[in-house]
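Residues per chain, in single letters:
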Amino acid sequence: MSAIDERFSELLPRAIYNSPGRASIGISDLVDFIFKTAIDLKSSDVHFEPIENFLRIRYRIDGKLVELHEKIPRRIQSDIISRVKILAKIDTSEVHSPLDGQIRFDQIDIRVASIPTHFGDLIVCRILDSSIQLKTIDELGMNSETEKIFRQLIHSQNGLFVVVGAMGTGKSTTLHAALRELNSPEIHIATLEDPIEQIIDGIDQTEIQGEIDFATGLRALLRMDCNCLMVGEMRDEETARIAVRAALTGHLVLTTLHATDSFTAITRLIEMGVEPYLLAATLIGTMSQKLVRRICPECNGRGCDSCRGTGFSGRIGIYEILPIDSDLRDAIKNFRDEDQIRSIVPNFKSMREDGLEKVRNGLTTIDEIETYTGNRF
């Protein structure tokens, strides 16, 4: 039994024994231990999941959900959930609506989201550890050619550069690395983020909240004499149109978008209402990325205490980048379908190819690449 298991097994009976009061010391200690475990294991999220007879706790570590503890008896489920809500300043009397809150735990921000389910409130907590050092471009894991193109694109005087991928694929990390490289006293850089996960000295960062959404914030920043704008996510037609207008009027705009790959990003922007001729005039490049687990350097994948026997420790990015040249601009301006765009770049290096190269270099496994670039989930 691991030290984590032992400590959890000590705390759980105390929480059950002291349970009738919601201010129970046992309940508080157990919840604190769960958050401390999440932080110590560098989890991105911790889930409190009500199932029929138990409350299940799962941690997302290196992109995978892991159940480390025995299930918590249902009779103290409401006390556990209430304790998390109280810490997050969420109204415990509201039981029929999704709610959000925030916890400050050991100098670390935890974003809390709650939603009612059939067996009780599901709570997912996002760990925002600002003490984790920001990565540089060199540390992202791009191959030399991708890194060279990426640097050229982000050093453009103006234009729109879009990083695409699903949630949790490191898009914000990539854009923050770009901002660190661009950051200098001669350039005014401003961001709109939801939330601000890392503070970068010398950059004006605004968090989306209250009356400020991405479109409203972006309109305001256009009046702030910025050279470079980072928009955390292109979520709607209005934001996309303003971002394109900003790129058209001399700003470098870096943003993210939920799309399948670098080519689909173009289709997605047009579907969002951006006119093809405006997109052709402003888009300088798209990049798609995913994160795969990295082979543990301590045991070379065999499994050890450092990697909890998984053979993996941390994650590494796999990338594909599409710079927009004159031929692609013409194709975007006269856009008919995505296949037309793809046919112009026959030797395009895909994420899968980048991943296989990392397998050959001993950084990850073929199974990881199949999982994240094939049809397996």
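Quantities reported herein were computed from a predicted structural model and do not represent experimental measurements.

## Concerning the side chain of Thr371
Relative to the helices and strands, Thr371 is located in helix 13 (residues 366-373). The class for Thr371 is buried, based on a relative accessible area of 13%. In this structure the side chain of Thr371 is engaged in a polar contact, spanning 2.8 Å, whose partner is the backbone oxygen of Asp367.

## Examining the pattern of salt bridges
Tallying each qualifying case throughout the model produces 22 salt bridges. Among the ionic pairs, Arg293 bridges to Glu368, the shortest N-O distance being 3.0 Å. Here Arg293, found in strand 13 (residues 283-295), pairs with Glu368, found in helix 13; they are 75 residues apart in sequence, far enough to count as distant. When sorted by exposure, Arg293 lands in the same class as Glu368, which is buried. Taken together, the shared-partner salt bridges in this structure form one network comprising Asp138, Glu147, Arg151 and Glu181.

## Here's the deal with the packing of helix 1 (residues 3-17) against helix 2 (residues 25-40)
It is the contact of helix 1 with helix 2, at a shortest axis distance of 8 Å, that shows an interaxial angle of 155 degrees. Taken together, the axes of helix 1 and helix 2 are roughly antiparallel relative to one another. In this structure, helix 1 crosses over helix 2, and the sense of that crossing is left-handed. Between helix 1, through Ile4, Arg7, Phe8, Leu11, Leu12, Arg14 and Ala15, and helix 2, the contact on the second element is made entirely by Gly26, Ile27, Asp29, Leu30, Phe33, Ile34 and Thr37. The residue makeup of the contact of helix 1 with helix 2, split by class, is 9 nonpolar, 2 polar and 3 charged.

## Points about the nonpolar core
Of all hydrophobic cores here, the largest spans 40 residues; its most connected members are Leu160, Met234, Leu257, Ile266, Leu279, Leu283 and Ile332. Apart from the residues within four sequence positions on either side, Ile266 is in contact with Leu279, Leu283, Leu322, Ile324, Ile332 and Ile341. Within the second largest apolar cluster, 35 residues are counted, among which are Leu11, Val31, Leu55 and Val66.

## Quick word on the state of the cysteines
Summed over the entire model, instances satisfying the criterion amount to 0 disulfides. Counting only cysteine sulfurs, Cys299 is the nearest neighbor of Cys296, a cysteine outside any disulfide, at a range of 3.8 Å. The exposure class of Cys296 is buried, given its relative accessible area of 1%.

## Details of helix 3 (residues 77-87)
Of the residues making up helix 3, those classed as buried are Gln77, Asp79, Ile80, Ile81, Ser82, Val84 and Lys85. Looking one or two places after helix 3, you find Lys89, whose phi comes out positive at around 60 degrees.

## Here's the deal with the side chain of Thr37
Tracing the sequence through the fold places Thr37 in helix 2. Exposure remark for Thr37: the relative accessible area of 3% places this residue in the buried category. Discounting chain neighbours no more than four positions away, the residues touching Thr37 are Ile4 and Tyr59.

## With respect to unusual backbone geometry
For the bond running from Asp194 to Pro195, omega is 0 degrees, close enough to zero to count as cis. You can see Pro195 is positioned in the loop between strand 9 (189-193) and strand 10 (204-207). Non-glycine residue Lys42 carries a positive phi angle of around 55 degrees. Relative to the helices and strands, Lys42 is located in the loop between helix 2 and strand 1 (45-50). For Lys42, a relative accessible area of 66% puts it in the exposed group. Of note in this structure, Asp106 is not a glycine but carries a positive phi near 50 degrees.

What counts and what doesn't
- Residues numbered from 1 in each chain as written.
- Predicted model: local features only at pLDDT ≥ 70, side-chain atom pairs only at ≥ 80, totals over all residues.
- Heavy atoms only, no water.
- Helix = DSSP H or I, 4+ residues; strand = E, 2+ residues; numbered from the N terminus.
- Buried < 20%, exposed > 50% of the residue type's maximum accessible area, 1.4 Å probe, protein only.
- Polar contact = N/O pair within 3.5 Å; in protein donor to acceptor, adjacent residues only side chain to side chain.
- Salt bridge = Lys/Arg side-chain N within 4 Å of Asp/Glu carboxyl O.
- Axes fitted to C-alpha atoms, helices over the stretch in contact; angles between N-to-C directions.
- Parallel < 35°, antiparallel > 145°, perpendicular 65-115°, else oblique.
- Left-handed = near helix turned anticlockwise from the far one by under 90°.
- Contact = heavy atoms within 4.5 Å.
- Nonpolar A, V, L, I, M, F, W, Y, C, P; charged D, E, K, R; others polar.
- Core = buried A, V, L, I, M, F, W, Y, C linked by side-chain atoms within 4.5 Å.
- Disulfide = S-S within 2.5 Å.

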